[in-house]
Amino acid sequence: MGQGGSGRTLRETVLESSPILALLNESFISTWSLVKELEDLQNNQENPSHQKLAGLHLEKYSFPVEMMICLPNGTVVHHINANYFLDITSMKPEDIENHVFSFSSTFEDPSTATYMQFLKEGLRRGLPLLQP
């Protein structure tokens, strides 16, 4: 969901990476929602299920863009704010030795490595909840 420069930055970097696109296509339904659209859905009394889903996403949203991994029922299993994401991926590797995110040598671009890690962590958290 989003607006402004952060979303554009993500589209022009990580979302152009072949390994990222392959994982998204294989394991996710990738979509964008504008906050205004979610607020409209949340306020629509005629569709309680859409109200609930919109509420679950707005609950986790922080300006300007929030990346979320959700189950089909709308439960958010993992999320990260785009500003935080861009901040950590612009750090020098020596500044983040003990940081939550470690950069894989598979990708030259730290943002691509971090986004891949974000997706994989979402799968790790979400897949057990999808088992019957």
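Residues numbered from 1 in each chain as written. Predicted model: local features only at pLDDT ≥ 70, side-chain atom pairs only at ≥ 80, totals over all residues. Heavy atoms only, no water.

The protein chain carries the name Selenoprotein N in an unreviewed UniProt entry, which gives Bos mutus as its organism.

**Some details on the overall build of the protein chain**
Regarding its fold elements, the protein chain presents six helices and two strands. Ordering the α and β elements of the protein chain from the N terminus gives α-α-α-α-β-β-α-α. Taking the contacts inside the protein chain whose residues are at least 6 apart along the sequence as the reference set, 49% of them involve residues at least 24 apart. Summing over all exposed atoms, the protein chain offers an accessible surface of approximately 8,300 Å²; the carbon and sulfur share of this is 52%. (Helix = DSSP H or I, 4+ residues; strand = E, 2+ residues; numbered from the N terminus. Contact = heavy atoms within 4.5 Å. Areas by Shrake-Rupley, 256 points an atom, 1.4 Å probe, with all protein chains shown as cover.)

**Concerning the pattern of salt bridges**
Enumeration according to the criterion identifies three salt bridges in this entry. Between Glu121 and Arg124 there is a salt bridge whose closest N-O contact spans 2.6 Å. Separated by three residues within a single helix, Glu121 and Arg124 lie in helix H6 (residues 110-130), roughly one turn from each other. Relative accessible area serves as the criterion here: at 21%, Glu121 is assigned to the partly exposed category. A salt bridge links Arg125 to Glu121; the nearest nitrogen and oxygen atoms lie 2.8 Å apart. Separated by four residues within a single helix, Arg125 and Glu121 lie in helix H6, roughly one turn from each other. Overall, the relative accessible area of 35% leaves Arg125 in the partly exposed class. Sharing partners across several salt bridges, the network here consists of Glu121, Arg124 and Arg125. (Salt bridge = Lys/Arg side-chain N within 4 Å of Asp/Glu carboxyl O. Buried < 20%, exposed > 50% of the residue type's maximum accessible area, 1.4 Å probe, protein only.)

**As for helix H5 (residues 82-89)**
Considered for burial, the residues of H5 that qualify are Ala82, Phe85, Ile88 and Thr89. All buried residues of H5 project into a common sector of 130° when viewed along the axis, lining one side. The backbone nitrogen of Asn83 has a side-chain oxygen 2.8 Å away, supplied by the residue at the start of H5, namely Asn81. (Arc of directions from axis to C-beta. Polar contact = N/O pair within 3.5 Å; in protein donor to acceptor, adjacent residues only side chain to side chain.)

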